[in-house]
Amino acid sequence: SQTLNPGIDLKTVPYLLPIGTYVYRGPPGARGDYWLLDTNVRVLGREEGAQSQRFVVKGGWRYPYTSELGERYSFNVALRADAYRVGNPDPQVVGKTVYDFEGRILPEIHLDWRLPFARASSVGVIIVEPMAQLVWRPNYKTNSNIPNEDSLAFEFDDLNLFSVDRFAGLDRYEGGARINYALRGQVSSEFFPDAEVMVGQVFRAQVDDTYSDGTGLNQTFSDYVGRWKIFPSRYVTLIHRFRLDQKSIGALTKENKQIGRTSCRERV
């Protein structure tokens with residue numbers, strides 16, 4: 001890899017060999033349940049600086065179920081094992097690298113639930129769908145001996161609201177028990193453009209150092225995330241994604257109350 005920034009030493013820029021992945025989804029059983037297997041192999045090095053070789057294997061079992069009322073469930077159990085071989089320059093010998101082995105076992109259980117309500121009206125078909133996800137993972141403290149090479153960039157939004165692990169890579173792990181929940185609405189009409197809106201939040205049982213300040217997830221109740229979509233035609237889609245913290249919601253509420261009081265005074 002190369003960089004156009006003259007302030008960066010090219011010897012410290014990592015090089016990456018092709019990443020190997022293997023994904024297996026077993027055939028469904030009599031009840032619709034099936035087994036899963038994911039593996040990942042990565043080799044990363046530098047001329048000067050930390051080097052690492054990583055092997056990740058994750059096996060799990062998933063059972064989707066739809067009730068007579070239309071409730072959609074998905075029960076998931078998984079176990080993940082990570083193995084790292086990390087090399088760092090020897091502070092006592094120039095040009096020598098010292099290698100250490102690091103490993104971790106990461107179990108998880110999560111249950112997904114949603115219940116769509118649909119109703120036909122003069123406007124069109126209206127769908128209201130509450131959604132929730134209950135996740136249990138052991139509380140995890142970041143291991144400084146495992147370098148973070150693929151999970152540096154992070155943004156909390158509606159796309160990863162229901163992700164069991166919101167980091168883009170595998171070097172960082174999101175632990176702890178939590179509930180992810182949202183409410184989605186959709187209108188499909190022959191006379192007006194179709195539209196969709198969704199708003200959600202995360203409740204964490206225990207706050208840890210997984211996420212730093214400013215991410216919107218380093219507190220018991222996370223920031224609100226959501227989106228709205230408008231489909232003017234089959235070729236054009238307008239999308240707006242947003243994130244609001246508790247202070248922003250409070251400011252909006254106070255502002256609306258103040259506007260309401262002013263309007264009442266003007267009417268009097």
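For the structure, check the block above.
All values reported here derive from a predicted model rather than from experimental measurement. (Residues numbered from 1 in each chain as written. Predicted model: local features only at pLDDT ≥ 70, side-chain atom pairs only at ≥ 80, totals over all residues. Heavy atoms only, no water.)

1. Brief notes about the nonpolar core
In this structure, Met131, Phe156, Leu161, Phe167, Ala182, Met198, Val202, Tyr211, Leu217 and Val225 together form the largest nonpolar core, which totals ten residues. Excluding residues within four positions of it along the chain, Leu161 makes contact with Phe156, Arg166, Asn180, Tyr181, Ala182, Met198, Gly200, Gln201, Val202 and Val225. Counting residues in each nonpolar core, the second largest holds six residues, with Tyr84, Leu106, Tyr140 and Tyr173 among its members. (Core = buried A, V, L, I, M, F, W, Y, C linked by side-chain atoms within 4.5 Å. Buried < 20%, exposed > 50% of the residue type's maximum accessible area, 1.4 Å probe, protein only. Contact = heavy atoms within 4.5 Å.)

2. Considering the packing of aromatic side chains
Counted under the stated rule, the structure contains nine aromatic pairs. An angle of 20° between the planes, with centres 6.0 Å apart, marks the rings of Trp61 and Tyr63 as stacked. Under the relative-accessibility criterion, Tyr63 is labelled partly exposed at 24%. On the numbers, 4.9 Å between centres and 35° between planes, the contact of Phe154 with Tyr211 is tilted. Here Phe154 is found in the loop between strand E8 (125–136) and strand E9 (178–188), whereas its partner Tyr211 is found in the loop between strand E10 (194–204) and strand E11 (224–233), with 57 residues between them in sequence. By way of ring pairs, the aromatic residues Trp61, Tyr63, Tyr65, Tyr73 and Phe75 are connected into one cluster. In this structure, Arg31 packs its charged tip against the face of Tyr63, placed 5.6 Å from the ring centre. Stacked on the ring of Tyr99, the Lys or Arg Arg85 has its end atom at 3.8 Å from the ring centre. (Phe/Tyr/Trp six-rings, centres within 6.5 Å; stacked < 30°, edge-to-face > 60°. Helix = DSSP H or I, 4+ residues; strand = E, 2+ residues; numbered from the N terminus. Lys NZ or Arg CZ within 6 Å of the ring centre and 35° of its normal.)

3. Things to note about the pattern of salt bridges
By the definition in use, this model includes 23 salt bridges. Residues Glu174 and Arg204 are paired through a salt bridge, measuring 3.0 Å at the closest nitrogen-oxygen approach. Of this pair, Glu174 sits in the loop between E8 and E9 while Arg204 sits in strand E10, and the two are 30 residues apart along the sequence. A single burial state applies to Glu174 and to Arg204, both of which are buried. Each of the salt bridges in this network shares a partner with another, and the network as a whole consists of Lys58, Arg80, Asp82, Arg104, Glu108, Arg137 and Asp165. (Salt bridge = Lys/Arg side-chain N within 4 Å of Asp/Glu carboxyl O.)

4. So, the pairing of strand E6 (residues 97–114)
In this structure, strand E5 (residues 72–89) lies alongside E6, joined through 18 bridges in antiparallel fashion. Bridged to Phe75 within E6 is Leu111. Looking at chain direction, E6 and E8 are connected through six bridges and run antiparallel. What sits directly across from Leu111, in E8, is Leu134. (Pairing = 2+ DSSP bridges.)

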